[in-house]
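Here is how the chains run, residue by residue.
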Amino acid sequence: LYSQDPSTLTELSELLVRRPSSDYELLTRFSTRISFGTAGLRAKMGCGTALINSLVVIQTSQGLAEYADKHLAQAQAQQGELEVERSIVVGHDHRHNSNKYAQLVKGVFERRGWKVYLFKGLVHTPIVPFTAKKLKSALGVMITASHNPAQDNGYKVYWTNHVQIIPPHDSGIASCINKNLEVHPGAFDLVPATEDQNDNENEAWMNEMKSAYFKQLSELSLPLPLSLPNSKNNKVLFTYTPMHGVGLPFAQRAFVDSFGFDADLFSVVQEQASPDPDFPSVRFPNPEERGALDLAMRHADHVGSNIVLANDPDADRFCAAEKVNGQWRQFTGDQLGTLLGHWVLQRYRGSGKPIDKLAMCASTVSSKMLAAMARHEGFVFRETLTGFKYLGNEALVLGTEGLECAFAYEEAIGFMVGDVVRDKDGVSALGTFCQLASTLYSSNETLSSHLESLYEKYGYFETSNSYFVCRDPEKVERIFGLLRYGGSTNNPTTSIPLALKLPTHLAGFQLTSIRDLTVGYASSNPPSYRPSLPVDPKTQMISFGLGGRGTGDGVEVTGTVRTSGTEPKIKFYLEASGSNRAKVSEKLARVREALGDAWLRWEEFELEKA
């Protein structure tokens, strides 16, 4: 089967020629199968069942189609009439093989009788769930690896509610994939674009969907020009980079058509403007990574711009930096979440709607500042597990409760503004941020000074998030086993909370709470000790709290350590809050050091620091 794709055939032939020296690599590639989870698939491209390639994409699509058909049949039997049609929206980014993989998905579903809406050309990820919702399609698939390295690719799935999949759908789809590994004889055939008989029809619906998307974005914006004092300062020059990704045409059109800015206020970093799957100017195509915005900042200095805007390669994430007093400050995801959340609050309040009908969400590893804002202002706040699959679904739940979820975010620079999509959208976040910045600058206030005023109002919060790289799954199990059970080697998927020997101290401070969402334990919820958030035995995740703003040094620290679902990383998220900034920073640094040394034992296990 691998011979059906020239790239994997060449790779496999080279590995076989190098035997026996390549035996270990062959074993690594073929002894396991890439797992399908809530994030779909994301891995390095290459020959083998453990990697992403044409065969794996075909088999995954066959399993997804099988599972979706069963689900739709059951829903129709129960409801009589389906709310969605048996169709799928497919899009792809600019990565190596993305176009080919998207065509393979199209072929699988068409052979099963599905109607397929395949975007021709490059699109940003949010347009896929948006289009699926507009067309009432049962599924959406986006071929992208987001901000992963150049050698990776991925397969992201949107379910019938047009949100990323959550359990139990992930395991149900995975089971169907394993039952549908035999491929159709024509599965590898690609239809050249020139032979597609429906080009005019395709062009029509694609243009219609894009226009509808930008029109809905315009509903998030203030009318411009803004009626604000000192209007000469309203012409803020923004620098933008799409990070060698697909974002430029979407961000540029939204900036002008949806949010009403002049086109000449959008200065593009030309070295990173065109889609390039090799991402030549950055070590990692992730705006969060150290140094990723250096080129954009140099461009901004050259053109006289004080604000840098960035999307990740598939433009579902957003990042920004501001130059104040000659120094560049790159905002963290949590700081951007605070700024955008407060702006949405102000806009909502200005609409005259009752504040108790407003809702916002954040993931459990994000800052607690949005929750503090909610307590102070009187709107509803909900916390979810990590990932927009949970945030998007929670937004839908809030809607059924008569609440308007107008904003949600996660610290990994993912933001959902309004209900354009129930997923992160770097383009809607960018436009909203630009209007916030223009409003502030028109009043002689910077984004940084505004953030400081929010700290004064809601309390000072400081975060310290990073990760260790660990490419050995057994080593990861050992680290969390020691953390969870002391010297025991109990299997976390079968052990019960009674066997736990979780830490009671960190950095010399006694813990006030500890929660383990892998085995299902929360010290703050006696007598059952069951956590309020869902338990997932397939993911390592331990959270804790120590100190308190009303006790001792007045500094509270919360933290989470977890494994990544898409990368070989052990991530940690720490936040300290209190009135004394020096004490907050000192305690946060002390806890961070102890987390790596005492809990994760990074030197003993030879983990790589970020």
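Remember, predicted model here, so these are calculated numbers, not experimental data. Here the residue index of a chain counts from 1 through its sequence in written order. Only residues with pLDDT of at least 70 get local features here, since the model is predicted, and only at 80 or more are side-chain atom pairs given and counted; chain-wide, interface and lining totals rely on the full set of residues. The side-chain values count all of the structure's non-hydrogen atoms but skip hydrogen atoms and water molecules.

**Student:** Break down the overall build of the chain for me, with residues and values.
**Tutor:** Only DSSP runs of H or I reaching four residues or more are called helices, and only runs of E reaching two or more are called strands; each is numbered from the N terminus. Helix and strand content of the chain: 16 helices and 22 strands. Each radius of gyration is computed over the set of C-alpha atoms, and the globule rule expresses the reference value as 2.2 Å times the number of residues to the power 0.38. The C-alpha atoms of the chain give 24 Å as radius of gyration, which agrees with the globular expectation for 610 residues (25 Å, within 12%). Seen through its principal axes, the chain has C-alpha atoms that stretch 65 × 65 × 55 Å. Relative accessibility decides the category of a residue: with a 1.4 Å probe and only protein chains considered, values under 20% of the type maximum give buried, values over 50% give exposed, and everything between is partly exposed. In the chain, buried positions account for 59% of the 610 residues. Here, two residues are considered to be in contact whenever any of their heavy atoms come within 4.5 Å of each other. Considering only contacts within the chain whose residues lie at least 6 apart along the sequence, 68% involve residues at least 24 apart. Summed over all atoms, the accessible surface of the chain reaches about 25,200 Å², with 50% contributed by carbon and sulfur. Only the protein chains shown count as covering a residue, and every accessible area follows the Shrake-Rupley method with a 1.4 Å probe.

**Student:** Provide a residue-level description of unusual backbone geometry, including the pertinent values.
**Tutor:** Cis geometry is found at the peptide bond from R19 to P20, where omega equals 10°. Tracing the chain through its elements places P20 in the loop between α1 (6-17) and α2 (23-30). In the segment running from P167 into P168, the intervening peptide bond is cis, with an omega of 5°. A positive phi angle, near 75°, is found at N97, a position not held by glycine. Looking at where N97 falls in the secondary structure, it is placed in the loop between β2 (85-92) and α4 (98-111).

**Student:** Residue-level account of the layout of surface pockets, with values.
**Tutor:** Computed from the structure, the second largest pocket encloses a volume of approximately 460 Å³. Computed over the protein atoms alone on a 1 Å grid, cavities are sets of points where a 1.4 Å probe fits but cannot get out and pockets are open sets with protein on both sides within 12 Å along at least five of seven lines; a residue lines them when it has an atom within 4 Å of a point. For the second largest pocket, the lining is made up of 30 residues, of which K368, E383, S513, R515 and S543 are closest to its centre. Under the scheme applied, nonpolar residues are Ala, Val, Leu, Ile, Met, Phe, Trp, Tyr, Cys and Pro; charged residues are Asp, Glu, Lys and Arg; polar residues are all the others, including Gly. When its residues are assigned to classes, the lining of the second largest pocket shows 8 nonpolar, 15 polar and 7 charged. Grid points are joined across faces, edges and corners, and a volume is the space filled by probe spheres set on the points.

**Student:** Go over the sheet that holds strand β8 (residues 307-311) with me, naming the residues and quoting the values.
**Tutor:** Here we have 5 strands laid out as an open sheet, ordered β7-β6-β8-β9-β10, and mixed in their pairing. Lying at the two open borders of the sheet, with one neighbouring strand each, are β7 (266-268) and β10 (327-330). The sheet shows a mean angle of 25° between the axes of neighbouring strands, taken without regard to direction. Sheet topology places strand β9 (residues 318-324) next to β10; 4 bridges connect them, and they run antiparallel. Across the sheet, residue V324 finds its bridge partner in β10, namely Q327. The axes are straight lines fitted to the C-alpha atoms, using for helices just the contacting stretch, and the angles between their N-to-C directions are given from 0 to 180°. Running at roughly 165° to β7, helix α8 (residues 248-258) makes contact with β6 (238-241), β7 and β8 of the sheet. Paired strands, as defined in this entry, are two strands with at least two bridges between them according to DSSP.

**Student:** Quick one: what's the story with the packing of helix α5 (residues 127-134) against helix α7 (residues 199-218), residue by residue and with numbers?
**Tutor:** One can describe the packing of α5 onto α7 by two numbers: an axis separation of 10 Å at closest approach and a directional angle of 105°. Of the possible angle classes, the one that applies to α5 and α7 is roughly perpendicular. Across the interface between the two elements, I127, F130, T131 and K134 of α5 pack against W205, M209, K210, A212, Y213 and Q216 of α7. Here the word oblique covers every angle except those under 35 degrees (roughly parallel), over 145 (roughly antiparallel) and from 65 to 115 (roughly perpendicular).

**Student:** I'd love a proper account of the side chain of D516, names of residues and values included.
**Tutor:** Relative to the elements of secondary structure, D516 occurs in strand β17 (residues 509-516). Polar contact criterion, stated in full: a pair of N or O atoms within 3.5 Å, where within protein one must be able to donate a hydrogen and the other to accept it, and residues adjacent in sequence count only if both atoms are side-chain atoms. One polar contact links the side chain of D516 to the main-chain amide nitrogen of T518, over a distance of 2.9 Å. Side-chain polar atoms of D516 contact the backbone nitrogen of V519, separated by 3.3 Å. Contacts of D516, omitting those with residues within four sequence positions, involve R484, L500, L502, Y521, M541 and I542.

**Student:** Which residues make up the environment of G431, and what values do they have?
**Tutor:** Position of G431 among the secondary structure elements: in helix α13 (residues 426-442). Sequence separation of G431 and A254 is 177 residues, and the distance between their C-alpha atoms is 6.7 Å. Among residues more than four places away in sequence, those in contact with G431 are F259 and F261.

**Student:** Help me get a handle on the sheet that holds β2, residues and values and all.
**Tutor:** What the 5 strands build is an open sheet, ordered β1-β5-β4-β2-β3; its pairing is mixed. The open sheet terminates on both sides in strands that have one partner only, identified here as β1 (41-44) and β3 (115-118). Neighbouring strand axes in the sheet, compared pairwise and without regard to direction, differ in orientation by 15° on average. Pairing between β2 and strand β4 (residues 137-143): 6 bridges, direction parallel.

**Student:** A description of the pattern of salt bridges should follow, citing residues and the corresponding values.
**Tutor:** Take a side-chain nitrogen of Lys or Arg and a carboxyl oxygen of Asp or Glu: if they are within 4 Å of each other, that pair is a salt bridge. The tally for this structure, following the rule as stated, stands at 32 salt bridges. A salt bridge links R18 to E25; the nearest nitrogen and oxygen atoms lie 3.6 Å apart. Overall, the relative accessible area of 41% leaves R18 in the partly exposed class. Given the relative accessible area of 31%, E25 is considered partly exposed. Overlapping salt bridges, with partners in common, bring together E66, D69, K70, R86 and R112 in one network.

**Student:** Mind laying out a positive patch on the surface, listing which residues take part and the relevant values?
**Tutor:** Residues enter patches when their relative accessible area tops 30% and they take part in no salt bridge; the joining distance is 9 Å for like charges and 5 Å for the nonpolar side chains Val, Leu, Ile, Met, Phe, Trp and Tyr. Asp and Glu count as negative and Lys and Arg as positive, but His and the ends of the chain are not part of the count. To locate a charge, take NZ of a lysine, CZ of an arginine, CG of an aspartate or CD of a glutamate. Among the surface-exposed residues, R283, R290, R592 and K609 lie close enough to one another that they form a single positively charged patch. By secondary structure assignment, the location of R283 is in the loop between β7 and α9 (294-303).

**Student:** Give a description of the nonpolar core that names residues and reports values.
**Tutor:** Side chains of nonpolar character tend, in soluble globular proteins, to be buried together. By convention a nonpolar core is built from buried Ala, Val, Leu, Ile, Met, Phe, Trp, Tyr and Cys residues, the set being connected through side-chain atoms within 4.5 Å. By size, the foremost hydrophobic cluster in this structure holds 130 residues, and its most contacted members are L309, F433, L506 and F544. Ranked by residue count, the leading element in this core is α13, at 9 residues. Once residues within four sequence positions are removed from consideration, F544 is found in contact with L506, L511, S513, I514, V557, T558, G559, T560, L574, V591, L595 and W599. One finds I34, F36, L41 and Y101 within the second-largest nonpolar core, a separate group that totals 42 residues.

**Student:** Let's hear about the packing of aromatic side chains: which residues, and what values?
**Tutor:** Centres within 6.5 Å make a pair out of two Phe, Tyr or Trp rings, where for Trp the six-membered ring is used; the pair is then stacked when the planes are under 30 degrees apart, edge-to-face when over 60, and tilted otherwise. In the structure shown here, the tally under the stated rule is 21 aromatic pairs. Among the aromatic residues, those joined into a cluster by ring pairs are F238, Y240, F255, F261 and F266. In this analysis the charged atom, NZ for Lys or CZ for Arg, is taken to sit over a ring once it is within 6 Å of the ring centre and within 35 degrees of the ring normal. The cationic tip of K587 hangs over the ring face of F509; the distance from NZ or CZ to the ring centre is 4.4 Å.

**Student:** Before we move on, could you go through the pairing of strand β14 (residues 414-417) and cite the residues and values that matter?
**Tutor:** Side chains of β14 alternate between two faces, with G414 and M416 and F415 and V417 buried alike. Of the strand pairs in this sheet, strand β13 (residues 404-410) and β14 are connected by 4 bridges, and their pairing is antiparallel. Each residue of the ladder has a partner; that of E410, found in β14, is G414. In sequence, β13 turns back onto β14 through a hairpin of 3 residues, with I413 there showing a positive phi of about 50°.

**Student:** Just give me the short version of α1, but keep the residues and values in it.
**Tutor:** Working rule for helices: expected span equals 1.5 Å times residues minus one. For α1, built from 12 residues, the straight-helix expectation of 16 Å at 1.5 Å per residue is met to within 8% by its first-to-last C-alpha distance of 16 Å. For α1, the complete set of buried residues consists of T8, L12 and L15. Around the axis of α1, the buried residues are gathered within 60° of arc, so they sit on the same side. Facing away from the buried surface of α1 by more than 90 degrees, the exposed residues are P6 and V17. Of all possible arcs, the one meant is that of the directions from the helix axis to the C-beta atoms.

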